[in-house]
Amino acid sequence: MSEKYHIVTYGCQMNVHESEKIAGILCRMGYENTNEISEADIIVFNTCCIRENAENHAFGNIGALKKLKKQKPNLLIAVGGCMTQEKGKTDVLKKKFPFIDIMFGTLNLEDLETLITRKKAQKKKVIEIREKEGEIVEFSDAYRTSYPNAWVNIVYGCNNFCTYCIVPYVRGRERSRKPEYILAEVKQLVAQGYKEITLLGQNVNSYGLDGTTGMNFAQLLDAVASIEGDFRLRFMTSHPKDFNEEVVKVMQKHRKICRLVHLPVQSGSNSILSAMNRRYTREKYLDEIKMLRSYLPEAEVTTDIIVGFPKETEEDYLQTEALVKEVDFASAFTFVYSPREGTKAATMDGQIPEEVQKDRIMRLVELVNSLTRKKSEKYVGKEVEILCEDYDEKKGLYLGRDEFGRMGYFPCEHNCIGEFVRVKIARANGISLFGEICKD
Ligand code: SAH
Ligand code: SF4
Ligand code: F3S
């Protein structure tokens, strides 16, 4: 009987896709997936450290394994991801959880096989974290678990050093993948029947800016969208300092590209944006939205917002509210600022008390939800094209998303996962839509 693996993933889409690569490595080694943690012979934690609660979450789950490890001494516990790349974090992990067997970083994912083999031959734990990014390692055998959606990396790392953010410290400098690899990967995915491709980067707009690829992001997007086949194309994340007309023109040229842009604004106040080192103003952001909608009036925008950044006043916060209303976001991820050791903002004066942060986040969430609800209501009575992604056992309904990322549920007599279906929306419940497949 073959040995089994179980992967626990925290954090962003980048990590979700990296877990697919880790699964690919484990499958190649002969392991099989199990959803039952107690059945696993190796458990891999792919961690995130973007906010304190992401770390606490992982700490809690790793700690909970102490008992299982005692019962199953041959069980291997491996920890990778952004947390292990944090300065001094492997020492903290070693002290807190002496039963961890293997630690690896985001910059040496590909070493996992060697590290496992090494660990199996020795008693001592194996810790190997690469400190500086090297050449991009191409993975050909990610074990994808998200059919009909597939993620494709285009640029790794980040050079922006937003003052609150730990990503540049744990993901290294920007490196762009060669276009020929990206195009070959997408072609293969489309041939395999994947219906939604998302190009991934911390800042997709910086693709190729290092001069190593022969094309910029807009040109790459154009080339990917020119691949024949019936699929949707998305990209994230766009950075407002670099998002531009050239990209929007490519979107307009190809109907395959979803009319949805994830454009994190973070704050509506210029003084906060400047303290965050975001390198754009509120006015520039609003101009970009205007530009986008002048080409594509139907375009929707989603965003990320942080409240309670150091020195954020009530007036600053209200400017964020006003911007949210003005842009009329389709949805927004909202966060309370979390100081990250080693970042510039963590030592800034004027840290905001927790009760003020809590009050602001509650008001903002309420505002964002009200916009989302209003948008949901507008869907009622309309026909939308949904890419069916899954079946919800509890509801007894299939589900999928429209091009704006809105979730829709509907009954279907056959298994339609991976199909584009036209659904007439009968009702909306919060952010979810419910309807019936249109009979033509
Ligand atoms: N590269 C993307 C997003 C990276 S992280 C970008 O530049 O937009 C995803 C989101 O987490 C960020 O957009 C930000 O809103 C949030 N975030 C990052 N660091 C944070 C921190 N220290 N506290 C709270 N939220 C944070
Ligand atoms: Fe973090 Fe800013 Fe880079 Fe995004 S652009 S990953 S927020 S440093
Ligand atoms: Fe993503 Fe978290 Fe790392 S958001 S890049 S997994 S710190």
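Residues numbered from 1 in each chain as written. Chains lettered and ligands numbered in written order. Predicted model: local features only at pLDDT ≥ 70, side-chain atom pairs only at ≥ 80, totals over all residues. Heavy atoms only, no water.

All right, on to helix H14 (residues 354-379) then. Because each turn of an α-helix spans 3.6 residues, side chains separated by three or four positions in sequence point in the same direction. If you check H14, its first and last C-alpha atoms are 37 Å apart, about what 26 residues at 1.5 Å a residue would give, namely 38 Å. When we look at burial in H14, the residues that qualify are Gln-357, Arg-360, Ile-361, Leu-364, Leu-367, Val-368, Leu-371, Thr-372, Lys-375, Ser-376 and Tyr-379. The secondary structure elements touched by the buried residues of H14 are strand E13 (300-307), helix H13 (314-327), strand E14 (331-336), strand E15 (383-392), strand E18 (420-429) and strand E19 (432-437). A positive backbone phi angle near 90° is found at Gly-381, which sits one or two residues after H14. (Helix = DSSP H or I, 4+ residues; strand = E, 2+ residues; numbered from the N terminus. Expected span 1.5 Å × (residues − 1). Buried < 20%, exposed > 50% of the residue type's maximum accessible area, 1.4 Å probe, protein only. Contact = heavy atoms within 4.5 Å.)

As a further point, take the sheet that holds strand E7 (residues 149-153). Working definition: the strands of a sheet are paired by backbone hydrogen bonds and lie parallel or antiparallel to each other. Spatially, the 3 strands line up as an open sheet ordered E7-E10-E11, and their pairing is parallel. The sheet terminates laterally at E7 and strand E11 (232-236), the two strands that pair on one side only. Pairs of neighbouring strands in the sheet enclose a mean axial angle of 25°, with direction left out of account. Looking at chain direction, strand E10 (residues 196-200) and E11 are connected through 5 bridges and run parallel. Each residue of the ladder has a partner; that of Glu-196, found in E11, is Arg-232. Relative to E7, helix H1 (residues 13-28) is tilted by about 95°, and along the sheet it contacts E7, E10 and E11. (Pairing = 2+ DSSP bridges. Axes fitted to C-alpha atoms, helices over the stretch in contact; angles between N-to-C directions.)

In terms of domain boundaries, the chain breaks down into domain 1 (4-128), domain 2 (146-258), domain 3 (267-377) and domain 4 (383-437). Using only C-alpha atoms to locate each centre, domain 2 and domain 3 end up separated by 24 Å. Together, the buried faces of domain 2 and domain 3 total about 1900 Å²; carbon and sulfur atoms form 63% of this surface. When residues of domain 2 are sorted by the area they lose upon contact with domain 3, Thr-163, Tyr-164 and Pro-240 head the list and together hold 39% of the total. Counting across the domain 2 and domain 3 interface gives 0 salt bridges. The tally of links from domain 2 across to domain 3 stands at 11 residue pairs in polar contact (both at pLDDT 80 or more). No other element matches the 5 residues that helix H10 (residues 245-253) contributes to the side of domain 2 that touches domain 3. Of the residues that constitute the side of domain 2 that touches domain 3, the class distribution is 10 nonpolar, 6 polar and 3 charged. (Domains from an automatic or database assignment. Buried area = accessible area lost by both parts, 1.4 Å probe. Salt bridge = Lys/Arg side-chain N within 4 Å of Asp/Glu carboxyl O. Polar contact = N/O pair within 3.5 Å; in protein donor to acceptor, adjacent residues only side chain to side chain. Nonpolar A, V, L, I, M, F, W, Y, C, P; charged D, E, K, R; others polar.)

Taken as a class, soluble globular proteins show a tendency for nonpolar side chains to be buried jointly. Within the largest apolar cluster, 56 residues are counted, with the highest numbers of intra-cluster contacts made by Ile-197, Leu-199, Leu-221 and Tyr-285. Per element, the largest residue contribution to this core is 6 residues, and it comes from helix H9 (residues 217-225). Viewed by domain, this core spans two of them, domain 2 (146-258) and domain 3 (267-377), each represented by three or more residues. Core analysis: the second largest hydrophobic core is formed by 25 residues, Cys-48, Ala-58, Leu-75 and Cys-82 among them. (Core = buried A, V, L, I, M, F, W, Y, C linked by side-chain atoms within 4.5 Å.)

This next bit is on the sheet that holds strand E17 (residues 407-410). Overall, mixed pairing links the 5 strands, which are arranged E15-E16-E17-E19-E18 in a closed barrel. Neighbouring strand axes in the sheet, compared pairwise and without regard to direction, differ in orientation by 50° on average. The pairing of strand E16 (residues 397-401) with E17 spans 4 bridges and is antiparallel. Looking at E17, one finds that Tyr-398 is bridged to Phe-410.

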